[in-house]
Amino acid sequence: MKSIIRAGIALGADSPLKRVYVGVNDDKIEVISHEELAGYEDAELDVGGWDRLLSPSFISVHTFLTLYPFRYRIFNGKINTNELLSVISSNDAYHLALLGAYHLLRSGVTTVAFSDKFPDPVARAVSNVGLKPIIVIPVGCSNSPDNWEKEFKSMHSRWSHQGSNNVILKVCDQELAKESFELAKEYNVAVLIERTVDLRFFKKEDLPKTVIALGGGSRTDLDFIKSNNIYLSFTPSFEVSRFPLSEFKPSVSLDLTPTFDIRHEVAYASTRLMLTAEEAFRAITVWGYQQLGINSGYLGTNASADLVIYEYREPPAFPLDFNSPYESLIYSGYSVETVFVDGESVLDGGVPLNVGLKDVEEGLKRVEEIDKRLGERIRAMEKGRNSR
């Protein structure tokens, strides 16, 4: 399948491009030109325009999808996460994750790494929306499975292959880190490291090939991370940093932020001087994809055609300013018009093509049922405590 994309500004190359044509052939970017494309007369899609901005799609290196509909109450402490998860079924998780993936698609995120109590149905939900799932198996975390090694091997056999980062590990417990590193080396996968694990207690040779430390300036082992060229991924709105993080070339993790908006996160990073606007853009595109060894996140020939077109006709998505192209993207109002994943359109005219109102309604129905079950469980627990 061939597609032509026109853009007034295109980001993701070595520098911003003005008035450019991009040719997509199957799942790859085939050509980038300032002239009309030869050999694309039979293109099935011809989209964009000179009042559009083209960008590689975004990646979140870690988040929680099943909890997405409850994120406000979790953030303000009105709901206990463990109690909530105790009343959520595998089938519920699919529909809740579908809502989260729907949100990510409409905000330009097409690759998402997530940890979840029910990884298989959540991965199916992400795939059905049209996004690319990366399953994160937690080790020594509050949401870890009883047998995390068995869970990892099971998910890896279903969703991944040797050397691919479709299923990775996240370590929260210092005592389980070495065992996790050995498994990661065996399968050649990445490991996310929570800030509860201090990497200074390990030698460089102890670590797997790809280690991504979660957290920013508040990590106590930043000097070790820097000296050993270890990757960093942070959640800007959760972060306090007294210095820029540019030298780490960090990625961004959405975690379970109340806005659940990756552009809000990089806007925060830029206004708080953690990153420049250009660096913030790279944090959610090429730097994030590079950390997980994925050939995407940049505008170049043979790159994966994971792309987002933004419309800039009127406020709040305004202006399209070539003198401030990165700011045009990260600070403007939402205007996602078209999203490509592997060269296939999964959102067009601002409307997701693989999910619809019925899916949203089913998700909302599940939320209501879960709220009811949670209320009954809390009342039963309180009654039990009072009868003692």
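Residues numbered from 1 in each chain as written. Predicted model: local features only at pLDDT ≥ 70, side-chain atom pairs only at ≥ 80, totals over all residues. Heavy atoms only, no water.

(A) Spotlight on the sheet that holds strand β14 (residues 336–341). A sheet is described by the order of its strands in space; here eight strands give the open sequence β3-β2-β1-β4-β13-β14-β15-β16, paired in mixed fashion. Across the chains shown, the open sheet's two edge strands, defined by having one partner strand only, are β3 (28–33) and β16 (351–352). In the sheet, strand β15 (residues 344–348) pairs with β16 via two bridges, with the strands oriented antiparallel. Within β16, the residue paired with D348 across the bridge is V351. (Pairing = 2+ DSSP bridges. Helix = DSSP H or I, 4+ residues; strand = E, 2+ residues; numbered from the N terminus.)

(B) Region of the structure containing the packing of helix α3 (residues 90–106) against helix α4 (residues 119–129). At a minimum axis distance of 8 Å, the contact between α3 and α4 shows a crossing angle of 35°. Here α3 runs over α4; the crossing is right-handed. Seen from α3, the contacting residues are S90, A93, Y94, A97, L98, A101, Y102 and L105; seen from α4, they are P121, V122, R124, A125, V126, N128 and V129. Taken together, the residues that form the contact of α3 with α4 break down as 12 nonpolar, two polar and one charged. (Axes fitted to C-alpha atoms, helices over the stretch in contact; angles between N-to-C directions. Left-handed = near helix turned anticlockwise from the far one by under 90°. Contact = heavy atoms within 4.5 Å. Nonpolar A, V, L, I, M, F, W, Y, C, P; charged D, E, K, R; others polar.)

(C) Region of the structure containing the state of the cysteines. One pass over the structure, following the stated rule, counts one disulfide. The disulfide partner of C141 is C172, and the S-S distance across this bridge is 2.0 Å. Here C141 and C172 share a disulfide; its torsion about the S-S bond, 85°, makes the bridge right-handed. Of this pair, C141 sits in the loop between β7 (132–139) and α5 (148–159) while C172 sits in the loop between β8 (167–171) and α6 (177–187), and the two are 31 residues apart along the sequence. One exposure class covers both C141 and C172, and it is buried. (Disulfide = S-S within 2.5 Å. Buried < 20%, exposed > 50% of the residue type's maximum accessible area, 1.4 Å probe, protein only.)

(D) Structural detail: α5. Its 12 residues place the ends of α5 16 Å apart at the C-alpha level, agreeing with the 16 Å of an ideal helix rising 1.5 Å per residue. Listing the buried residues of α5 in full gives W148, F152, M155 and H156. The buried residues of α5 all sit within an arc of 105° when viewed along its axis, so they share a single face. Exposed and facing more than 90 degrees away from the buried side of α5 are K150, S157 and R158. (Expected span 1.5 Å × (residues − 1). Arc of directions from axis to C-beta.)

(E) Highlighting a negative patch on the surface. Taken together, the side chains of D26, D27, E30, E41, D42, E44 and E344 define an acidic patch exposed on the protein surface. Note on placement: E30 falls in strand β3. Given a relative accessible area of 40%, E30 falls into the partly exposed group. (Patch = residues over 30% accessible without salt bridge, like charges linked within 9 Å, V, L, I, M, F, W, Y side chains within 5 Å. Areas by Shrake-Rupley, 256 points an atom, 1.4 Å probe, with all protein chains shown as cover. Salt bridge = Lys/Arg side-chain N within 4 Å of Asp/Glu carboxyl O. Lys, Arg positive; Asp, Glu negative; His and termini not counted. Charge placed at Lys NZ, Arg CZ, Asp CG, Glu CD.)

(F) Summary view of the packing of aromatic side chains. Inspection of every chain in the model, using the stated rule, returns six aromatic pairs. For the ring pair Y21 and W50, a centre distance of 5.4 Å and an interplane angle of 90° mean the geometry is edge-to-face. Here the residue Y21 occupies a position in strand β2 (residues 17–25), and W50 occupies one in strand β4 (residues 45–56), the gap between them amounting to 29 residues. Note on Y21: relative accessible area 9%, which makes it buried. Taking NZ or CZ as reference, K2 lies 4.9 Å from the ring centre of Y40, over its face. Sitting above the plane of the W50 ring, R19 keeps its charged end 4.2 Å from the centroid. (Phe/Tyr/Trp six-rings, centres within 6.5 Å; stacked < 30°, edge-to-face > 60°. Lys NZ or Arg CZ within 6 Å of the ring centre and 35° of its normal.)

(G) Layout of the pattern of salt bridges. Following the criterion strictly, the structure yields 20 salt bridges and no others. Across the pair R366 and D92 runs a salt bridge, and its minimum N-O distance is 3.0 Å. Residue R366 is located in helix α12 (residues 357–386), and its partner D92 is located in helix α3; the two are separated by 274 residues in the primary sequence. The buried category is assigned to R366, whose relative accessible area is 13%. K132 is paired through a salt bridge with D306; the nearest N and O atoms lie 2.9 Å apart. With K132 in strand β7 and D306 in the loop between α10 (286–291) and β13 (307–311), this pair connects stretches of sequence that are 174 residues apart. Taken together, the shared-partner salt bridges connect D51, R52, E311, R313 and E337 into one network.

(H) Quick peek at the pairing of strand β1 (residues 2–10). Summarising burial for β1: seven of the nine residues are buried, a large majority. In textbook terms, the turn of a hairpin is the stretch between consecutive antiparallel strands, and for β1 and β2 this stretch comprises six residues, one of which, G12, has a positive phi near 115°. Relative to β4, β1 is paired through seven bridges, and the arrangement is parallel. Its bridge partner being in β4, I5 is matched across the sheet by V47.

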